[in-house]
Amino acid sequence: MSRKFFGTDGVRGRANTHPMTAEMALKLGAAAGRYFASDGRKHRVVIGKDTRRSGYMLENAMTAGLTSVGANVFLLGPVPTPAVGMLTRSMRADLGVMISASHNPYTDNGIKFFGPDGFKLSDTAEIEIEALLEKEPDLAASEEIGRATRIEGDRARYVEFAKTTFPRDLRLDGLKIVIDCANGAAYKTAPEVLWELGAEVIPVGVSPNGYNINKDCGSTHTALAAETVVAHGADLGITLDGDADRIMILDEAGKVADGDQLMALIAGLWASDGRLRGDTLVATVMSNLGLERYLADKGLQLLRTAVGDRYVVEAMRSGGFNLGGEQSGHIVMTDYVTTGDGLIAGLQFLAAMIRSGKVASALSRTFEPVPQLLRNVRYRAGAAPLDQASVQKVIADGERRLGQSGRLLIRKSGTEPLVRVMGESEDETLLEDVVGQISDEVGRFS
């Protein structure tokens, strides 16, 4: 059974437009609350959010839906997505909710759920919650309506937790670090963690106003942080996205290292220390072919999954692996966290810098990537470009031309009306031509 509202990372859309309306958030809250209340006891739910203006509306609506079916709600305010996963488990809650559209602009928002173990819900659970949306809510009796409480100290708990993932025998003294929080959920926690560990911190993107989340800053717009690194002579830059579950590293010259490079570094170090379970890194089909070659040279395996950190985590859990992630900067280390955590991944990179005595640029280019080209092509509402014969033909022609020396990955975004056209080839001229022709044909349906 397919999901109608849930995508690769919860329910997402343009704020105040279906399905990202207060009405839908109320219904989702009631459905999720009823799903977890099947054993008849009163349940605890934690709700976090990022800094979008629409977060107030959705937070209140979710709270109304959850309390209407008898759940007690604990409101965290703006916290990183990984903090919601951690606090759901730490507070013995039955459900965690994060209100965020991650790296998207403020006009979008989303709702994603975490189970009592701190991991995102499975496809099966999401399908069952969707089924409850079609039914009248089973409202609690008047005397059983839930209570909502805004709690204090949750940010401090996450700060302390994040510091425990950094080796206790190390400090960041003498390091000058630019941290770009994308005007998002980590605008207080990330600079605080780095400062408490001894770094000289230069914060960027720490003045949220409800509208500037991810705007010309953060892990998807690294130019500002890169300029700041160079201007201040910083040792490196750490850029997060709006909900702080992604990271990009900038070296001392402001050059970007993506998630593939960071995963390669951590995988190699953990393998050397005997920490990499199953000698396997889990990543998606988007990860660079150069990463796969690098791991193979070290006798390690790359296990690929569908796009989406939830599928990475599912493969990690089923296979007993402890490191995975995405090229986009989701780095999942289940020894520490249940989902991607940009700050904690950054701390792993900093620990490697200190222990090796090397500068950031010496660690951030672990392998030579195969030339890769990605284009996002927007299509009009209701169109289905990948079902069109003309698009299928140009894709088949492209695959034939690339042959064994490259690969194509064409997929529809799970959160936006986009087709993502990705290709890899040592022949960059051929790659540009193939990806360009496919993008042009898909673009006819915009």
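None of these values were measured; they are calculated from a predicted model.

A. Spotlight on helix α4 (residues 123-133). Within α4, burial applies to Ala125, Glu126, Ile127, Ile129, Glu130 and Leu133. As for α4, its buried residues are in contact with β1 (6-7), α1 (22-36) and α10 (309-319).

B. Representation of the packing of helix α5 (residues 154-164) against helix α11 (residues 342-356) within the structure. Where α5 contacts α11, the axes come no closer than 10 Å and their chain directions differ by 30 degrees. On the basis of the axis angle, α5 is roughly parallel to α11. Between α5 and α11 lies a crossing whose hand is right-handed. Side by side, α5 and α11 meet where Tyr158, Phe161 and Ala162 of the first sit next to Leu343, Ile344 and Leu347 of the second. Counted by class, the contact of α5 with α11 contains six nonpolar, no polar and no charged residues.

C. Just the sheet that holds strand β13 (residues 280-284), in detail. Strand order in this open sheet of four strands is β14-β13-β15-β16, and the pairing throughout is mixed. Edge positions in the sheet fall to β14 (301-305) and β16 (331-333), since each has one partner strand and no second. If you compare each strand with its neighbour and ignore which way they point, the axes differ by 20 degrees on average. Here three bridges tie strand β15 (residues 323-325) to β16, and the two strands are oriented antiparallel to one another. Among the inter-strand pairings, Gly325 is bridged to a residue of β16, identified as Ile331.

D. Quick look at the pairing of strand β6 (residues 108-114). When you tally the buried positions in β6, you get seven out of seven residues, the bulk of the element. Of the two faces of β6, the one carrying Asp108, Gly110, Lys112 and Phe114 and the one carrying Asn109, Ile111 and Phe113 are both buried. Judged from the four bridges that link them, strand β2 (residues 10-14) and β6 form a sheet pairing that is antiparallel. Each bridged residue has a counterpart across the sheet, and for Arg12 the counterpart in β6 is Gly110. As paired strands, strand β5 (residues 95-99) and β6 are joined by four bridges and run antiparallel to one another. Pairing of Ile99 across the sheet is with Ile111, part of β6.

E. Here's a closer look at the side chain of Arg411. Looking at where Arg411 falls in the secondary structure, it is placed in strand β18 (residues 406-412). Within the buried core, Arg411 has no salt-bridge partner, and the shortest N-O distance to an opposite charge, that of Glu326, equals 6.1 Å. Each residue touching Arg411, except ones within four places of it in the same chain, is listed here: Met286, Val307, Leu386, Leu418, Val419 and Arg420.

F. Focus on the packing of helix α8 (residues 259-272) against α11. Running from amino to carboxyl end, α8 crosses α11 at an angle of 60 degrees, the nearest separation of the two axes being 11 Å. Here α8 lies oblique to α11, going by the angle between them. Crossing hand, α8 versus α11: left-handed. Side by side, α8 and α11 meet where Leu262, Leu265, Ile266, Leu269 and Trp270 of the first sit next to Ala345, Gln348, Phe349 and Ala352 of the second. Residues of the contact of α8 with α11, tallied by class, amount to eight nonpolar, one polar and no charged.

G. Broad picture of the sheet that holds β2. Spatially, the seven strands line up as an open sheet ordered β1-β2-β6-β5-β3-β4-β7, and their pairing is mixed. Only two strands of the sheet have a single neighbouring strand rather than two, namely β1 and β7 (148-150). Of the pairings in the sheet, the one linking strand β3 (residues 44-49) to strand β4 (residues 72-78) comprises six bridges and is parallel in character. Note that in β4 the partner of Val46 across the bridge is Phe74.

H. Examining the pattern of salt bridges more closely. Taken as a whole and assessed by the stated rule, the structure comprises 30 salt bridges. Its salt-bridge partner being Glu292, residue Arg304 comes within 3.0 Å of it at the nearest N-O pair. With Arg304 in strand β14 and Glu292 in helix α9 (residues 289-297), this pair connects stretches of sequence that are twelve residues apart. Residue classification places Arg304 among the partly exposed residues on the basis of a relative accessible area of 25%. When the shortest N-O distance is used, the salt bridge between Glu424 and Arg407 registers 2.6 Å. Here Glu424, found in strand β19 (residues 418-425), pairs with Arg407, found in strand β18; they are 17 residues apart in sequence, far enough to count as distant.

I. View of the state of the cysteines. Using the criterion set out here, one finds zero disulfides in the structure. Cys181 takes part in no disulfide bond, and the closest cysteine sulfur, belonging to Cys217, lies 9.3 Å away. A relative accessible area of 1% means that Cys217 is categorised as buried.

J. Inspection of the packing of aromatic side chains at higher detail. Taken as a whole and judged by the stated rule, the model has five aromatic pairs. Between Phe6 and Phe113 the ring centres are 6.1 Å apart and the planes differ by 50 degrees, which places this aromatic pair in the tilted class. Taken as a pair, Phe6 in strand β1 and Phe113 in strand β6 lie far apart in primary sequence, 107 residues in all. With relative accessibility at 2%, the residue Phe113 sits in the buried group. Taken together, a centroid distance of 5.0 Å and an interplanar angle of 85 degrees make the contact between Tyr35 and Phe36 edge-to-face. On the accessibility criterion, Tyr35 (24% relative accessible area) is partly exposed. The side chain of Arg444 reaches across the aromatic face of Phe445, ending 5.6 Å from its centre.

K. Local environment of α1. With 15 residues, α1 extends 21 Å between its outermost C-alpha atoms, agreeing within 8% with the 21 Å of an ideal straight helix rising 1.5 Å per residue. Buried residues along α1 sit in contact with β1, β2, α2 (54-68), β5, β6 and α4.

L. Representation of the environment of Ala244. Following the sequence through the fold, Ala244 ends up in the loop between β10 (236-240) and β11 (247-250). Ala244 sits in the buried class, given a relative accessible area of 3%. Dropping the residues within four chain positions of it, Ala244 is found in contact with Pro80, Pro82, Ala186, Asp341, Gly342 and Leu343.

Conventions adopted
Residues numbered from 1 in each chain as written. Predicted model: local features only at pLDDT ≥ 70, side-chain atom pairs only at ≥ 80, totals over all residues. Heavy atoms only, no water. Buried < 20%, exposed > 50% of the residue type's maximum accessible area, 1.4 Å probe, protein only. Helix = DSSP H or I, 4+ residues; strand = E, 2+ residues; numbered from the N terminus. Contact = heavy atoms within 4.5 Å. Axes fitted to C-alpha atoms, helices over the stretch in contact; angles between N-to-C directions. Parallel < 35°, antiparallel > 145°, perpendicular 65-115°, else oblique. Left-handed = near helix turned anticlockwise from the far one by under 90°. Nonpolar A, V, L, I, M, F, W, Y, C, P; charged D, E, K, R; others polar. Pairing = 2+ DSSP bridges. Lys, Arg positive; Asp, Glu negative; His and termini not counted. Salt bridge = Lys/Arg side-chain N within 4 Å of Asp/Glu carboxyl O. Disulfide = S-S within 2.5 Å. Phe/Tyr/Trp six-rings, centres within 6.5 Å; stacked < 30°, edge-to-face > 60°. Lys NZ or Arg CZ within 6 Å of the ring centre and 35° of its normal. Expected span 1.5 Å × (residues − 1).

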